[in-house]
Amino acid sequence: MFYSFAPMEGITAYPFRNAHAAVFPGMDRYYTPFLTANQTRSFKTKEKKDANPANNTAVSLVPQILTNKPDQFLWAVEGMAALGYKEVNLNLGCPSPTVTSHGKGSAFLKDTDLLDRFFDDFFAMFSVSPCSREGVRISIKTRIGFEDPAEAAGLIEVFNRYPFAEVLVHPRVGKELYRGTPHRDVFQMFYEKCTLPLAYNGDIRTPAEARELTEEFPELRHIMIGRGLLTNPALVRELQGGEPLTMEELRTFHNLVLENWMDDIGDFRNVIGRMKELWFYWEKNLENGEKAVKKVRKSRTREEYNAAAAAVFADCSLKC
């Protein structure tokens, strides 16, 4: 089985990825949080830093692009190819209203005719691009629709017409965000009817859930995990037959993530917000986690934060 770490905006940038790879080696692949391609033909400074190969020497990385314009996507693909990347992923899955209100991410799935024209135009340009001759692969990460799971059948027909290296499916519609449970019956439709290499993403939090998935889909060879790995950063090691997470490992990981973010940003007032986002997931894996992390959430200064975090690591135990 091939395991990848799903991108999470604001969390899984290179300071986090490098820390995770150092403490929990064995992840097959990471994906960048989406890099936005637009009419400026220029990525933001933080996006350039995140995709810079010099900042990602310890990980196998695929850059993910957000756009709904074929020429902008080609520009982004060629830019990533120039940096040495051999695969570029298109984001058709983001459910955030700040993205979907502009017809991007999962909102792009609403109009299959428009999506089909996008791919037709893109691959016509891509076929004569130098990066195509160099073997750069195009993959997509998608939801099963935007408003209704019934949209999935039309999407599969569109996807099957194009030479994608892989289709990574999160079986919720965009409107569901992360609520409810994934529509495994709709993923079954992808599994049976999609002619392209397929990956699964969505609510894999334990080895038992991964086993259940592979028993249901025995030909599946790639599982992408996001929130499950944030909660338990050793989850893939467990899936590969290794030891469960320990509190000392979590402490080491925490300290390295904090150090990496400080090296990148330098201002603890900005770093603390990112760390608190991680505690939102870590507390789910702690006995009495919400109560234990309360002082961490309330901390304002580095001294307060360090003391509160140290108390959690000293006094708490893991559920897993």
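To be clear, the structure that these remarks concern was listed above.
(A) Structural view of the overall build of the protein. Counting secondary structure elements, the protein contains 16 helices and 10 strands. The globule rule puts the C-alpha radius of gyration for 320 residues at 20 Å, and the 20 Å found for the protein is close to it. Dimensions of the protein, computed from the C-alpha atoms along their principal axes, are close to 60 × 45 × 35 Å. Classification of the 320 residues of the protein by burial places 54% in the buried group. Counting contacts in the protein only where the partners sit at least 6 residues apart, residues at least 24 apart contribute 73% of the total. For the protein, the accessible surface area stands at approximately 14,200 Å², while carbon and sulfur atoms represent 49% of it. Once the 40 positive and 42 negative side-chain charges of the protein are each reduced to a mean point, those two points are 5 Å apart.

(B) Representation of the packing of aromatic side chains. Inspection of the entire model under this criterion finds 27 aromatic pairs. The interplanar angle of 15° and the centroid separation of 5.7 Å between the aromatic rings of F123 and Y162 together place this pair among those described as stacked. Of the two residues, F123 is situated in helix α5 (residues 112-126) and Y162 in the loop between α7 (152-160) and β8 (166-170); the sequence distance between them amounts to 39 residues. Among the aromatic residues, ring-to-ring pairing joins F73, F108, F118, F119, F122, F123, F126, F159, Y162 and F164 into one connected group. Positioned above the aromatic ring of F280, the side-chain terminus of K284 is 4.2 Å from the ring centre.

(C) Structural view of the pattern of salt bridges. Applying the stated criterion to the full structure yields 15 salt bridges. The partner of D203 in a salt bridge is R172, and the shortest N-O contact between them spans 2.7 Å. Remark: R172 occurs in the loop between β8 and α8 (184-193) and D203 occurs in the loop between β9 (198-201) and α9 (207-216); sequence separation between them is 31 residues. Considered together, D203 and R172 belong to a single accessibility category, that of buried residues. For E248, the salt bridge is made with R251, and the minimal N-O distance between the two is 3.4 Å. Of the two residues, E248 and R251 both sit in helix α12 (residues 247-265), three residues apart, roughly one turn of that helix. You can call E248 partly exposed: its relative accessible area is 48%. Looking at R251, the relative accessible area reads 26%, which means it is partly exposed. Overlapping salt bridges, with partners in common, bring together R29, E87 and R137 in one network.

(D) Structural view of unusual backbone geometry. Even without glycine at this site, R41 takes up a positive phi of about 55°. Locating R41 in the fold gives a position in the loop between β3 (35-36) and α2 (45-51). With a relative accessible area of 38%, R41 lands in the partly exposed category. Within the chain, L177 stands out as a residue other than glycine whose phi angle is a positive 50°. Here L177 lies in the loop between β8 and α8.

(E) Region of interest: the environment of E249. You can see E249 is positioned in helix α12. Each C-alpha atom, one on E249 and one on A234, is 8.9 Å from the other, the two residues being 15 residues apart in sequence. Excluding residues within four positions of it along the chain, E249 makes contact with V23, F24, R237 and P244.

(F) Structural context of α8. Those residues of α8 that sit buried are R184, V186, F187 and F190. The buried residues of α8 occupy an angular sector of 155° when the element is viewed end-on, so they sit on one face. When the buried face of α8 is taken as reference, the exposed residues oriented beyond 90 degrees from it are D185, E192 and K193. Lining the buried residues of α8 we find α7, β8, β9 and α9.

What counts and what doesn't
Residues numbered from 1 in each chain as written. Predicted model: local features only at pLDDT ≥ 70, side-chain atom pairs only at ≥ 80, totals over all residues. Heavy atoms only, no water. Helix = DSSP H or I, 4+ residues; strand = E, 2+ residues; numbered from the N terminus. Rg over C-alpha atoms; globule rule 2.2 N^0.38 Å. Buried < 20%, exposed > 50% of the residue type's maximum accessible area, 1.4 Å probe, protein only. Contact = heavy atoms within 4.5 Å. Areas by Shrake-Rupley, 256 points an atom, 1.4 Å probe, with all protein chains shown as cover. Lys, Arg positive; Asp, Glu negative; His and termini not counted. Charge placed at Lys NZ, Arg CZ, Asp CG, Glu CD. Phe/Tyr/Trp six-rings, centres within 6.5 Å; stacked < 30°, edge-to-face > 60°. Lys NZ or Arg CZ within 6 Å of the ring centre and 35° of its normal. Salt bridge = Lys/Arg side-chain N within 4 Å of Asp/Glu carboxyl O. Arc of directions from axis to C-beta.

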